[in-house]
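Geometric and topological summary
The residues making up each chain are set out below.
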There are 2 protein chains.
Amino acid sequence: MTHALPIGSTIGIIGGGQLGRMLSVAASRLGFRSHIYEPGANPPAGHVADQVTTATYEDESALRAFGKSVDVITYEFENIPTAALDLLQDLAPIHPGREALRISQDRLTEKSFLQELGLQTAPFADITDAASLYAALQRIGTPSILKTRRFGYDGKGQARIMSPDDAAQALADMQGAPAILEGFVDFSHEVSVIAARSPDGAVAAFDPGENVHSEGILRTTTVPARLTAGQRTDAVLLAAKIANALNYVGVLGVELFVTDAGLIVNEIAPRVHNSGHWTQNGCAVDQFEQHIRAITGWPLGDGRRYADIVMENLIGDDMDRVPDLARTPDCAVHLYGKAETEPGRKMGHVNHIKRS
Amino acid sequence: MTHALPIGSTIGIIGGGQLGRMLSVAASRLGFRSHIYEPGANPPAGHVADQVTTATYEDESALRAFGKSVDVITYEFENIPTAALDLLQDLAPIHPGREALRISQDRLTEKSFLQELGLQTAPFADITDAASLYAALQRIGTPSILKTRRFGYDGKGQARIMSPDDAAQALADMQGAPAILEGFVDFSHEVSVIAARSPDGAVAAFDPGENVHSEGILRTTTVPARLTAGQRTDAVLLAAKIANALNYVGVLGVELFVTDAGLIVNEIAPRVHNSGHWTQNGCAVDQFEQHIRAITGWPLGDGRRYADIVMENLIGDDMDRVPDLARTPDCAVHLYGKAETEPGRKMGHVNHIKRS
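Residues numbered from 1 in each chain as written. Chains lettered and ligands numbered in written order. Predicted model: local features only at pLDDT ≥ 70, side-chain atom pairs only at ≥ 80, totals over all residues. Heavy atoms only, no water.

With respect to the overall build of chain A
Counted only if it meets this: Labels follow the DSSP assignment, with helices taken as runs of H or I lasting at least four residues and strands as runs of E lasting at least two, numbered in each case from the N terminus. Our radius of gyration looks at C-alpha atoms and nothing else; its globule reference is 2.2 Å times the residue count to the power 0.38. Residue burial is assigned from relative accessible area. The probe radius is 1.4 Å, only protein chains are included, and a residue is buried under 20% of its type maximum, exposed over 50%, and partly exposed in between. Here, residues are in contact when the closest pair of their heavy atoms is within 4.5 Å. By the counting scheme adopted, Arg and Lys are positive, Glu and Asp are negative, and His together with the chain ends is not counted. Where a charge lies is defined by one atom per residue type, namely NZ (Lys), CZ (Arg), CG (Asp) and CD (Glu).
Within chain A, the regular secondary structure consists of eleven helices and 17 strands. Taken against the 2.2 N^0.38 rule, which gives 21 Å for 356 residues, the C-alpha radius of gyration of chain A at 20 Å falls within 12% of a compact globule. Every one of the 356 residues in chain A was classed for burial, and the buried ones make up 60%. Of the contacts formed within chain A by residues at least 6 apart in sequence, a portion of 61% connects residues at least 24 apart. A gap of 4 Å separates the mean positions of the 31 positive and 43 negative side-chain charges of chain A.

Structure below.
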């Protein structure tokens, strides 16, 4: 910890949602303060932060004041406007770095990067117009899925193509945005690895979790995942390879498809990840603290779990179940303090602790 | 949860130290906001609270504004001036209630209350002057300990009397404050029970922890404590008896001496307690969330632990050990964000998770 940020330093967090909120709480456990930067009013992270700035990502004077008030900058989402980062990077170190953001902000760049690392991905093609889409469908086939290259999350900005007849509508759905066609992968299940890398190059990974999605949104993560010992090792090594290639600092989420032909990388997220929320009740150092440790130069936790967990997201009307969940033994409740419940909105999660 | 406070409500917390800080974080997990009231500048709890009021307990307009801004009031320490409580109780419910505060603010009142409940305490006597002290020493003997009736914590306001020769100095040490003489108890070890009671009368207790003090300050709490099954049951029943007698709402700490003649109550604390910090890494619902659940009308957690823990306080220069502790497997670090390290000052704690 020679070069660790001193206790009492301030962590700047871009984005005031639930991830920023849980990062802020984790920072406090290590004696740090947090300053949240968020355009929206009443951000959930603001309830547990030392300071909050409410301003747009175009507000240069607010960005400058924020950058000067903090000792390190991190973020809870990857689609931060480039100009804001250009301004901030002169005021405080940004972790994870720009390269990780550049790659993960664009599905095409990300897939190309993974392929160059020798990792397996779904078949994909750059789509710029109808001609490139029809050519790609010839090669990749159906079913496949057309996605905007940027700004997609939780299933948004995506159109399934079940037969070539769907192509025109799918292209229209992109509304002219640059897109990527991805082939479907025949996988048995999805897992994710939450890995961390520190400035000195140390890498630690949590046990992979097994994810179940519905309507494009994560529903549950179960730890341990169904993986052979070999697959488990592969998953962790692959995440470490990505982190090292990016000279990454912080926590990284890597979603993987488990197939007969090995592990196929679905996507990477340069931040704490919903599928790592189980660590809050299963590990001495959870993913949020692990991220704060990495970006402040603290030693990483080793990632070993001391309990098996099923994490379940509370989405929209799932909030009606909170009274019952609060009465359920071995169930840890984590709510995000969002003012409005909306369909498809992540309102909280619970960690079911499994006794052996 | 029919009468539970709605999510998004604000918890008023009197006192901005580490207990207020950890209560604020726990409140956020249930979707609540916190408002801290603290006379001192830069309170640790303020780093993770939605609002902070910095004002004295004599500032009626600040107290009034605080009381109007919150939906329920709780506190992290029991020595709150009575006039402040008189003002606040008309603005929002105060939990735990005034009776619990009245009794626990005064060692003599507390011991008398416990005795009336049929519980065992150390022998004690009301000391008003030299004559009453010498008479009490005749009855109770030495070694014994003279304590101020009010405002003592972490060994402050106490004088040991090893022989009658020490009596005059001990009395002088009280500086004229009302005092109580307590006989020494021949105990094998000390344990504590952290219990909670909800408004509907439900009581839940965590597994008793075994405490080691040094220089009047708690050093470690180990769970499970060395207790027979019978002692364990007695400890929990005794805590429930106290909570019921006080019509208590919230978390209550009860320190017990384990002796050949049974369990002897040392003291009670009408709040979350240092010896309950282990629950943060050993239970689905920790003592801080349990307290918030009780005062907001949520169902109580059942208190069962899913890991064995040794909690170790970080006091003063123990902070120098943080880099090593951060590298220790299965060690969860909890720092309080205090600006200045001072000898005897509680700066943080760690929970060592014990794998079976």
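Quick word on the interface of chain B and chain A
Worth spelling out the cut-off: Here the buried area means the combined drop in accessible surface, using a 1.4 Å probe, for two parts upon being joined, counting both sides. By definition here, a salt bridge exists when the distance from a side-chain nitrogen of Lys or Arg to a carboxyl oxygen of Asp or Glu is within 4 Å.
Opposite the 41 residues of chain B that make contact, chain A presents 41 residues. Both faces considered, chain B and chain A share a buried interface measuring about 3600 Å² in area, 54% of it formed by carbon and sulfur atoms. Among the residues chain B hides against chain A, the three largest losses belong to His47(B), Tyr306(B) and Arg355(B). Together they make up 17% of the total. Taken together, the connections running from chain B to chain A amount to two salt bridges. Arg304(A) is paired through a salt bridge with Asp330(B); the nearest N and O atoms lie 3.1 Å apart.

Considerations on the sheet that holds strand S1 (residues 10-14) of chain B
Residues and elements named next belong to chain B. Defined as follows: Two strands are counted as paired when DSSP detects at least two bridges linking them. Every angle, taken between N-to-C directions, lies between 0 and 180 degrees, and every axis is a line fitted to C-alpha atoms, over only the stretch in contact when it is a helix.
In spatial order, the strands read S3-S2-S1-S4; together these four strands make up an open sheet with parallel pairing. Across the chains shown, the open sheet's two edge strands, defined by having one partner strand only, are strand S3 (51-54) and strand S4 (72-75). Strand-to-strand twist of the sheet, defined as the mean angle between neighbouring strand axes without regard to direction, takes the value 20°. Of the pairings in the sheet, the one linking S1 to strand S2 (residues 33-38) comprises five bridges and is parallel in character. Each bridged residue has a counterpart across the sheet, and for isoleucine 11 the counterpart in S2 is serine 34.

Description of the relation of the copies chain B and chain A
What relates the two chain copies is a rotation about an axis together with a slide along it. Test applied: When the copies are superposed, the least-squares fit draws on C-alpha atoms of residues that have pLDDT of at least 70 in both.
Once turned by 180° and shifted 0.0 Å along the axis, chain B lies on chain A with an RMSD of 0.0 Å. Both copies of the chain, as the preceding transformation shows, are related through a two-fold rotation axis. Proximity to the rotation axis, assessed at the C-alpha, singles out Val48(B) in chain B; its C-alpha lies 2.0 Å from the axis. In this assembly, 100% of the residues forming the interface of chain B have copies in chain A that are likewise at the interface, indicating an isologous arrangement.

Digging into helix H6 (residues 130-140) of chain B
Residue and element names in this part refer to chain B. Worth spelling out the cut-off: The directions from the helix axis to the C-beta atoms form the arc being described.
Residues of H6 that are buried include every one of Ser132, Leu133, Ala136, Leu137 and Ile140, and no others. In a view along the axis of H6, the buried residues occupy a sector of 140°, so they form one face of it. Turned more than 90 degrees from where H6 packs its buried face, Ala131 and Gln138 sit exposed. Contacts made by the buried residues of H6 are with strand S5 (124-127), strand S6 (144-148), strand S7 (158-161), helix H7 (167-173) and strand S8 (179-183). Once H6 ends, the next one or two residues include glycine 141, with phi positive near 80°.

Regarding the packing of helix H1 (residues 18-29) of chain B against helix H10 (residues 287-296) of chain B
Residue and element names in this part refer to chain B. For clarity, the threshold we go by: In what follows, roughly perpendicular refers to angles from 65 to 115 degrees, roughly parallel to angles under 35, roughly antiparallel to angles over 145, and oblique to any angle outside these ranges. Crossing chirality is assigned from the near helix's rotation relative to the far helix, an anticlockwise turn below a right angle marking it left-handed and a clockwise turn marking it right-handed. Polarity classes work like this: nonpolar for Ala, Val, Leu, Ile, Met, Phe, Trp, Tyr, Cys and Pro, charged for Asp, Glu, Lys and Arg, and polar for all others, with Gly in that last group.
The contact between H1 and H10 brings their axes to 8 Å, and the two run at 65°. In this view, H1 runs roughly perpendicular relative to H10, as classed from their interaxial angle. Crossing of H1 against H10: the hand is right-handed. On the side of H1, the interface is formed by Leu19, Met22, Leu23, Ala26, Ala27 and Arg29, while H10 contributes Phe288, Glu289, His291 and Ile292. Of the residues that constitute the contact of H1 with H10, the class distribution is seven nonpolar, one polar and two charged.

So, the environment of Asp286(A)
Residue and element names in this part refer to chain A. What counts is decided by this rule: Side-chain atoms alone can form a polar contact between residues adjacent in sequence; in general such a contact is a pair of N or O atoms within 3.5 Å, and within protein one must be able to donate a hydrogen while the other accepts it.
Among the secondary structure elements, aspartate 286 is positioned in the loop between helix H9 (279-282) and helix H10 (287-296). Along the chain, aspartate 286 and alanine 100 lie 186 residues apart, while their C-alpha atoms are 22 Å from each other. If we skip the residues at most four places from it in the chain, aspartate 286 touches Arg29, Phe206, Thr279 and Gln280. Here arginine 29 takes part through its side chain, which lies 3.2 Å from a polar atom of the side chain of aspartate 286. Of the polar contacts made by the side chain of aspartate 286, one reaches the backbone nitrogen of phenylalanine 288; its length is 3.0 Å.

Describing the sheet that holds strand S2 (residues 33-38) of chain A
By definition, the strands of a sheet pair up through backbone hydrogen bonds, in either a parallel or an antiparallel sense. Residues and elements named next belong to chain A. What the four strands build is an open sheet, ordered S3-S2-S1-S4; its pairing is parallel. In this open sheet, the two strands that pair with only one neighbour each are strand S3 (51-54) and strand S4 (72-75). Within the sheet, the average angular offset between the axes of one strand and its neighbour, ignoring direction, is 20°. Both strand S1 (residues 10-14) and S4 contribute to a ladder of four bridges, which runs parallel.

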